[in-house]
Amino acid sequence: MNQYIGLDGHSKTSTFVVLDERGNLLAQRRVPTTEKHLLGFIGSLKPGKKKLIYEESHIARWFHCLFDGKVDEQVACDPYYLGKKQGPKDDEKDAWHLANEGRCGHVIPVFHEETDLIEMRALMGAYSDLVREITRTKNRFKALFLAEALGCDGDTVYRDSKRIKEISLPTNRFVATQLFTQLEELERIKKEYEAILTKGKKKNPLIKKLATIPGFGPVRSHMVAALICSGHRFANKHKFWAYSMLVRHKQVSDDKC
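What counts and how
- Residues numbered from 1 in each chain as written.
- Predicted model: local features only at pLDDT ≥ 70, side-chain atom pairs only at ≥ 80, totals over all residues.
- Heavy atoms only, no water.
- Helix = DSSP H or I, 4+ residues; strand = E, 2+ residues; numbered from the N terminus.
- Rg over C-alpha atoms; globule rule 2.2 N^0.38 Å.
- Buried < 20%, exposed > 50% of the residue type's maximum accessible area, 1.4 Å probe, protein only.
- Contact = heavy atoms within 4.5 Å.
- Pairing = 2+ DSSP bridges.
- Axes fitted to C-alpha atoms, helices over the stretch in contact; angles between N-to-C directions.
- Phe/Tyr/Trp six-rings, centres within 6.5 Å; stacked < 30°, edge-to-face > 60°.
- Expected span 1.5 Å × (residues − 1).
- Polar contact = N/O pair within 3.5 Å; in protein donor to acceptor, adjacent residues only side chain to side chain.
- Salt bridge = Lys/Arg side-chain N within 4 Å of Asp/Glu carboxyl O.
- Parallel < 35°, antiparallel > 145°, perpendicular 65-115°, else oblique.

Draft legend 1. Up close: the overall build of the chain. When helices and strands are counted, the chain shows eight helices and five strands. Relative to its length of 257 residues, the chain is extended, with a C-alpha radius of gyration of 24 Å against a globular reference of 18 Å. Considered along the principal axes of its C-alpha atoms, the chain spans approximately 70 × 45 × 45 Å. Counting only residues that meet the buried cut, the chain has 35% of its 257 residues in that class. When contacts within the chain are restricted to residue pairs at least 6 apart in sequence, those whose partners lie at least 24 apart make up 51%.

Structural data, given as structure tokens:
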């Protein structure tokens, strides 16, 4: 008997709903989000093929490692592609919806790495978040100058704290000072990340080989390796090249690039 297990997981509690091939409810339970209780529920189910479905989230990576070998198949799905539910949000309904979508074959899986490259994916994910935060901080900082029509072309404004005195409004000057301090700290942390990536280029044969591609430095080499992980998951070389940022991707609308 096939069992479709929907898991709505949160940091404190998680809710299971189990359906059979016809959509009949076999089991339903809310448990604390601990290894003991989660695996205990899976172990309590009747024999049969078990397919576990949960949404991709901050806890999905832990779920993936925890349930590896405990179920026949597990899918971390992209919630964007799930069918829409009626009514207010409810853990039991969400878990039932996941189980039913898995039963009907409507879930789109998100790739999860199972080798030691999982650590590299975590590192590069954090680095990407840091770079985005630096960009947002720069935009907020620069906006304070633009609001008073103060020229700030180029990136010298991000390195010269004396420019803050040109801002006339005291409140905006205070905000600019805090943003400048924040930006300095973010840039310092970024250098620490880049130092680790530079060391990785020397020690990791895969990164060292990727770095021989023109335009690939330590950062991009690590990023591509973390994104790809397992090359065999791509249908053909063209999809592999596009996903790896090794080819130019054109965006065309109304015959215009």
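Right, picking up where we left off after that structure.
Draft legend 2. Expanded view of the sheet that holds strand β4 (residues 49-55). Read from one edge of the open sheet, five strands run β3-β2-β1-β4-β5, paired in mixed fashion. Both edges of this open sheet fall to β3 (25-32) and β5 (73-77), since each of them pairs with a single strand only. Across the sheet, the axes of successive neighbouring strands diverge by a mean angle of 15°, strand direction being ignored. For strand β2 (residues 13-19) and β3, the ladder comprises seven bridges, and the chain directions are antiparallel. The residue bridging Leu19 from the neighbouring strand is Leu25, located in β3.

Draft legend 3. Inspection of the packing of aromatic side chains at higher detail. Following the criterion strictly, the structure yields eight aromatic pairs and no others. Look at Phe16 and Phe41: their rings are 4.3 Å apart centre to centre, the planes differ by 20°, and that puts the pair in the stacked class. You can see Phe16 sitting in strand β2 and its partner Phe41 sitting in helix α1 (residues 35-44), a full 25 residues away along the chain. We classify Phe41 as buried; its relative accessible area is 1%. Judged by centre distance (5.4 Å) and plane angle (70°), the ring pair of Tyr54 and Phe63 falls under edge-to-face. Put simply, the rings of Tyr54, Trp62, Phe63 and Phe67 pair up and form one aromatic cluster.

Draft legend 4. Representation of helix α3 (residues 91-104) in the model. Its 14 residues give α3 an end-to-end C-alpha distance of 20 Å, which sits within 8% of 20 Å, the value for a rise of 1.5 Å per residue. Along α3, the residues classified as buried are Asp91, Asp94, Ala95, His97, Leu98, Ala99, Asn100, Glu101 and Gly102. Where α3 is buried, its residues touch β1 (2-9), β2, β3, β4 and β5. N-cap assignment for α3: the residue whose side-chain oxygen lies 3.1 Å from the backbone N of Glu92 is Asp90. Residue Gly105 follows α3 closely and has a positive phi angle near 75°.

Draft legend 5. Here's a closer look at unusual backbone geometry. Here the phi dihedral of Ala149 falls at roughly 55°; this positive angle occurs in a residue that is not glycine. The topology assignment puts Ala149 in the loop between α4 (117-146) and α5 (170-203). For Ala149, a relative accessible area of 72% gives the class exposed.

Draft legend 6. Focus on the pattern of salt bridges. This model, assessed by the stated rule, comprises eleven salt bridges. Notably, a salt bridge pairs Glu73 with Lys51, separated by 3.9 Å at the nearest N-O pair. Here Glu73 is found in strand β5, whereas its partner Lys51 is found in strand β4, with 22 residues between them in sequence. The class for Glu73 is partly exposed, based on a relative accessible area of 33%. Note on Lys51: relative accessible area 16%, which makes it buried. A salt bridge links Arg132 to Asp129, with the shortest nitrogen-to-oxygen separation between them at 2.4 Å.

Draft legend 7. Examining the packing of α5 against helix α7 (residues 218-228) more closely. One can describe the packing of α5 onto α7 by two numbers: an axis separation of 9 Å at closest approach and a directional angle of 75°. For the element pair α5 / α7, the angle class is roughly perpendicular. Along its contact with α5, which presents Glu194, Leu197, Thr198, Gly200 and Lys201, the element α7 presents Pro218, Val219 and His222.

Draft legend 8. Representation of the pairing of β1 within the structure. Most of β1 sits out of view: seven of its eight residues are buried. The pairing of β1 with β4 spans six bridges and is parallel. Of the residues in β4, the one forming a bridge with Gly6 is Ile53. Pairing analysis gives six bridges linking β1 to β2, with the strands arranged antiparallel. Bridging from a neighbouring strand, Leu7 pairs with Phe16 of β2.

Read these as geometric descriptors, not functional statements.
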